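So you can see what is in the structure, the chains are spelled out below.
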Amino acid sequence: MRALGLVLILCASPALAAEPSVLWSTTVGQEPDAAAPDIGPTTELYESCGPRSIALETLAARLGASTTRPSPTMLARRVGAAGIAQPWPRAWTVTGDESTAKARFRAWLGTGARPRRCGIAHRVDALGRVTYAAITVDALAELAPIQRRTRVGAWVSIDARLLVDATAAAVVLLGPDGEPRRVTADLANGTIRSRVNLDQPGPWTVQLVATLPSGPEPVLEVRLHAGVDPPTEVDEPAPLALPDVQVLMRFLNAARRDRGLPPVLRTPSLDAAAAAHAAAMAHAERLAHDSGDGDPVERVQASGARAIVVGENIARAGDATAAHRALWESPSHRGNMLARRFAHVGIGVVRDAGGVWVTELFTD
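What counts, and at which threshold
- Residues numbered from 1 in each chain as written.
- Predicted model: local features only at pLDDT ≥ 70, side-chain atom pairs only at ≥ 80, totals over all residues.
- Heavy atoms only, no water.
- Buried < 20%, exposed > 50% of the residue type's maximum accessible area, 1.4 Å probe, protein only.
- Helix = DSSP H or I, 4+ residues; strand = E, 2+ residues; numbered from the N terminus.
- Contact = heavy atoms within 4.5 Å.
- Salt bridge = Lys/Arg side-chain N within 4 Å of Asp/Glu carboxyl O.
- Pairing = 2+ DSSP bridges.
- Axes fitted to C-alpha atoms, helices over the stretch in contact; angles between N-to-C directions.
- Phe/Tyr/Trp six-rings, centres within 6.5 Å; stacked < 30°, edge-to-face > 60°.
- Lys NZ or Arg CZ within 6 Å of the ring centre and 35° of its normal.

1. Overview of helix α3 (residues 72-81)
Here is step 1 of the chain: Burial of α3 is extensive: nine of the 10 residues sit out of reach of the surface.
Here is step 2 of the chain: All of the buried residues along α3 are P72, T73, M74, L75, A76, R77, R78, V79 and A81.
Here is step 3 of the chain: In this structure, the buried side of α3 is in contact with α2 (54-65), β3 (90-96), β5 (130-138), β17 (310-317) and α8 (320-328).
Here is step 4 of the chain: Note on α3: the residue one or two positions beyond its end, G83, has a positive phi of about 95°.

Below is the structure:
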């Protein structure tokens, strides 16, 4: 327990912004056979990256053939629809000669120690130019296969194996209606087991949160469908014509108002702390609760704000509207947004060529 009391820290999972014509796998957590013996010019790139994922490789081939690059939220949508339960998808493309591509690929991967899964593809155009494309996810846990569609009222077993050390685990369940709720989960010898009941028709999100040395973090997230088929087309809302911080604040308090909760109030000191952390994440090019600037509790303390309970949502998305949707449809983040204990918030947004980096810093 830190000096400010209970710390509620939940990583962003930018996994639920939608795109038209999404093709959903029938099973989540099950990889196609990756035993193909020859992967040609991408072999050395896989050696730098990590274990091969056929599902990610298929998406990487689609990325390399496209003239546009998906936003972070669109990329995560595609990865989740393909049956990949691991979060933190990243995409990369380069066109040029093989040696240059390999050097740039290693630089893009960075020196992080987290286990990864990778999909890498290459193509040669009519002029002989080679394009390499890669998509990676942080592989912090593996999920036993689950059928994506089930009947209403079904009990679904969640069985997962952690690939990193963790001291605790929880399953957060978000149904078609209502607020997220925590479900009992057993952690023993690196294995997590739980059962969830899908008692309403519609889409359900199941999120597994593990307490790692760096704090609680979603390590797996799946979308299941009770009594309905997965959608093939989902509309994405148009961005609001407001400054980014105002967009997030408007969505946040509208959600609280709809549920009879008092609004949270923006605090200048928390705004400054949130903005500094968004900038730190943008500089590091990675979502993290500590980007070298301290964890949320330390940053609140440094801001001079008085607090007993601290919570934080972070996200990477194409725009502020997409960032809110991703956070809202993530069970653990919606819990922060709707927590009655929180009365103050600081919001920070930093834009770059790929979209926005968002921090929402909550206190009582």
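2. So, the pattern of salt bridges
Here is step 1 of the chain: What the rule picks out here adds up to 17 salt bridges.
Here is step 2 of the chain: Three or more residues joined by partner-sharing salt bridges are found here, namely R114, D138, E217 and R286.

3. A closer look at the sheet that holds β5
Here is step 1 of the chain: The sheet built from three strands is open, its strands ordered β3-β5-β4 with antiparallel pairing. Only two strands of the sheet have a single neighbouring strand rather than two, namely β3 and β4 (116-124). Averaged over all pairs of adjacent strands, the angle between their axes in this sheet comes to 15°, without regard to strand direction.
Here is step 2 of the chain: Here β3 pairs with β5 via seven bridges, running antiparallel. Bridge pairing links T93 to A133 in β5.
Here is step 3 of the chain: Against the sheet, α2 contacts β3, β4 and β5, and its axis sits at roughly 40° relative to β4.

4. Examining the packing of aromatic side chains
Here is step 1 of the chain: Tallying each qualifying case throughout the model produces four aromatic pairs.
Here is step 2 of the chain: A centroid spacing of 5.4 Å and a plane angle of 25° characterise the contact between F342 and F362, whose relative ring orientation is stacked. Taken together, the positions of F342 in the loop between α9 (331-337) and β18 (344-352) and F362 in strand β19 (residues 355-363) put the pair 20 residues apart, joining distant regions of the chain. In this pair, the class of F342 matches that of F362, namely buried.
Here is step 3 of the chain: Taken together through their ring pairs, the aromatic side chains of W92, F105 and W108 make up a single cluster.
Here is step 4 of the chain: Sitting above the plane of the W108 ring, R90 keeps its charged end 4.4 Å from the centroid.
Here is step 5 of the chain: The cationic tip of R334 hangs over the ring face of W328; the distance from NZ or CZ to the ring centre is 3.9 Å.

5. Re the environment of W328
Here is step 1 of the chain: The residue W328 is located in helix α8 in this model.
Here is step 2 of the chain: Look past the residues within four positions of W328 in its chain and what remains in contact with it is L174, A255, R259, R334, M337 and L338.

6. A closer look at unusual backbone geometry
Here is step 1 of the chain: Positive phi, normally seen in glycine, also occurs at N189, with a value near 55°.
Here is step 2 of the chain: Here N189 is to be found in the loop between β12 (186-188) and β13 (191-198).
Here is step 3 of the chain: Residue classification places N189 among the exposed positions, given a relative accessible area of 83%.

By themselves, these figures tell us nothing about what the structure is for.
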